[in-house]
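# Residue-level structural notes
Residues per chain are reported as follows:
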Amino acid sequence: MCCSSLHMPTMIQNLDQPDYASRCIWVNGPVIVGAGPSGLAISAGLKKQGVPYVVLERANCIAALWQNRTYDRLKLHLPKQFCHLPDFPIPDNFPEYPTKDQFIDYLESYAKHFDINPRFNESVQSAKYDETCGLWQVKTISTGGSNWGEVEYICRWLVVATGENAEKVVPEFEGLQDFGGSVMHVCDYKSGESYQGKRVLVVGCGNSGMEVSLDLCNHKAIPSMVVRNSVHVLPREVLGKSTFELAVLMMKWFPLWLVDKILLIIARLLLGNVEKYGLRRPSMGPLQLKNTQGKTPVLDIGALERIRSGEIRVVPGIKRFSHGRVEFVNGENLEMDCVILATGYCSNVPSWLKDNDFFSEDGLPKTQFPNGWKGKGGIYAVGFTRRGLSGACMDAARVADDIGRIWKEETKQSKCLRRCL
């Protein structure tokens, strides 16, 4: 597309017309891809700066991961004071660990408070930077009601806020197609109510795998949990205080390696030797592992007790599946009725961001935290720090300040030029 062929009005061209889907739209500000917590945080930041923007969201709601792809019993794993978005605390009457529905209500209130109105049902197919024009071309497919069709947005800045968990990860296993029983990813799991009496293999031992295994126990299912790699298990609280809050406090006074050692000592005193249950600890400490590899420690909320009692069986890596059975790498062979893949999520950025060297092949910024929020050509990233909501909020503040500064400088120059003319 040639720059000279673009018609660029001062704000957004015909955004509300019913036939807009066949048109090219100029956005006099950034396009934000994603309306999860990261997208909401940067939208609010830009609103405060007075910068116009457009938010594109492929789902029909904000925070689609929370609303559509989480299990019923989910609660925030960290205290609410570490999980709020900028300039809008989680209500005092919410419990310390809000439920999934309470957190969704909070996010909806946040969007309403800052008047954030994403364009829902718009799936980004490609985003490409035109160096000749110095502009981004963001192509989407809109599936919303009567406005179905292709839309192209032209903008100076692109904010990628789709996050680290945009797509489910489904590993390949030998013979899984012959298994015959139910196989689902944890994003489709809601409750263990329908699993009573069934033998369920939970593949994965992170927070989701542990919590789903516990939920299955509570509904009288018979879960086995695959623990292929080492994992850090920490108590969620220490003497009534959040373990995470304790770690944050200690980090103000001690180096990371020492905080890790203290956390592991506390875990050993409160949880005992978890390795005898098949839960090998990594050689790297929990905080260092989180910072360098993005692997979150498990905060125990009751699953460990069920593992000790044998209600949750820990099994090693999978070798192959057969009809109604699974063979493990240690030669053990067990009958199973169902499989739940708690195998995590990944970024989807490489599938739509074209010809850009800001993101790596795994969909994360090549430059590590805290400098991975800005690339060349007006591209920004929010929510890829591997540090949860607090990291996303830090990114959002930096991006909003940077775009706001440029916006104000150019607006001031434009006004000065008009006065001179």
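Please refer to the structure placed before this passage.
We now turn to the structure provided with this report. All figures in this text were calculated on a predicted structure; none of them were measured in a lab.

### Some points on the packing of helix α1 (residues 37-49) against helix α3 (residues 100-113)
If you want to describe how two helices pack, look at the angle between their axes and the distance between the axes. Direction vectors running N to C along α1 and α3 enclose 25 degrees, while the axes themselves pass 10 Å from each other. If you check the angle between α1 and α3, you find them roughly parallel. As α1 packs across α3, the resulting crossing turns out to be left-handed. On α3, the residues touching P37, L40, A41 and A44 of α1 are L107, Y110 and A111. Per-class residue counts for the contact of α1 with α3 are 7 nonpolar, no polar and no charged.

### Some words on the sheet that holds strand β22 (residues 379-381)
Note: strands within a sheet are paired through backbone hydrogen bonds, in either parallel or antiparallel orientation. Taken in spatial order, the 4 strands of this open sheet run β3-β2-β7-β22, and their pairing is parallel. What marks the edges here is a single partner per strand, and that holds for β3 (54-56) and β22. This sheet shows a mean twist of 20 degrees between the axes of neighbouring strands, independent of strand direction. As defined by bridge partners, strand β7 (residues 157-160) adjoins β22 across 3 bridges and the pair is classed as parallel. Each residue of the ladder has a partner; that of V159, found in β22, is Y380. Packed on one face of the sheet, α1 meets β2 (30-33), β3 and β7 and runs near 160 degrees to β2.

### Thoughts on the pattern of salt bridges
All chains considered together, the criterion is met by 19 salt bridges. Among the salt bridges present, the one from R320 reaches E174, with a minimum N-O distance of 3.4 Å. Of this pair, R320 sits in strand β17 (residues 318-322) while E174 is found in the loop between β8 (167-168) and β9 (182-185), placing the two residues 146 residues apart along the sequence. In this structure R320 comes out as partly exposed when scored by relative accessible area, which is 29%.

### A few points about the pairing of β7
Taking every second residue as pointing to the same face, both faces of β7 are buried, with W157 and V159 on one and L158 and V160 on the other. Examined bridge by bridge, β2 and β7 share 4 bridges and lie parallel to one another. In the sheet register, P30 faces β7, and the bridge partner there is W157.

### A closer look at the sheet that holds strand β20 (residues 338-341)
Ordered by their spatial adjacency, 5 strands build an open sheet running β9-β20-β10-β11-β16, and the pairing between neighbours is parallel. Either end of the sheet is taken by a strand with one partner, and the two such strands are β9 and β16 (313-315). The average undirected angle you get between the axes of adjacent strands in this sheet is 20 degrees. In the sheet, strand β11 (residues 222-226) pairs with β16 via 3 bridges, with the strands oriented parallel. Bridge pairing in β16 places S224 opposite R313. In the packing of helix α4 (residues 207-218) onto the sheet, the strands contacted are β10 (199-203), β11 and β20, and the crossing angle to β11 comes to about 165 degrees.

What counts and how
Residues numbered from 1 in each chain as written. Predicted model: local features only at pLDDT ≥ 70, side-chain atom pairs only at ≥ 80, totals over all residues. Heavy atoms only, no water. Axes fitted to C-alpha atoms, helices over the stretch in contact; angles between N-to-C directions. Helix = DSSP H or I, 4+ residues; strand = E, 2+ residues; numbered from the N terminus. Parallel < 35°, antiparallel > 145°, perpendicular 65-115°, else oblique. Left-handed = near helix turned anticlockwise from the far one by under 90°. Contact = heavy atoms within 4.5 Å. Nonpolar A, V, L, I, M, F, W, Y, C, P; charged D, E, K, R; others polar. Pairing = 2+ DSSP bridges. Salt bridge = Lys/Arg side-chain N within 4 Å of Asp/Glu carboxyl O. Buried < 20%, exposed > 50% of the residue type's maximum accessible area, 1.4 Å probe, protein only.

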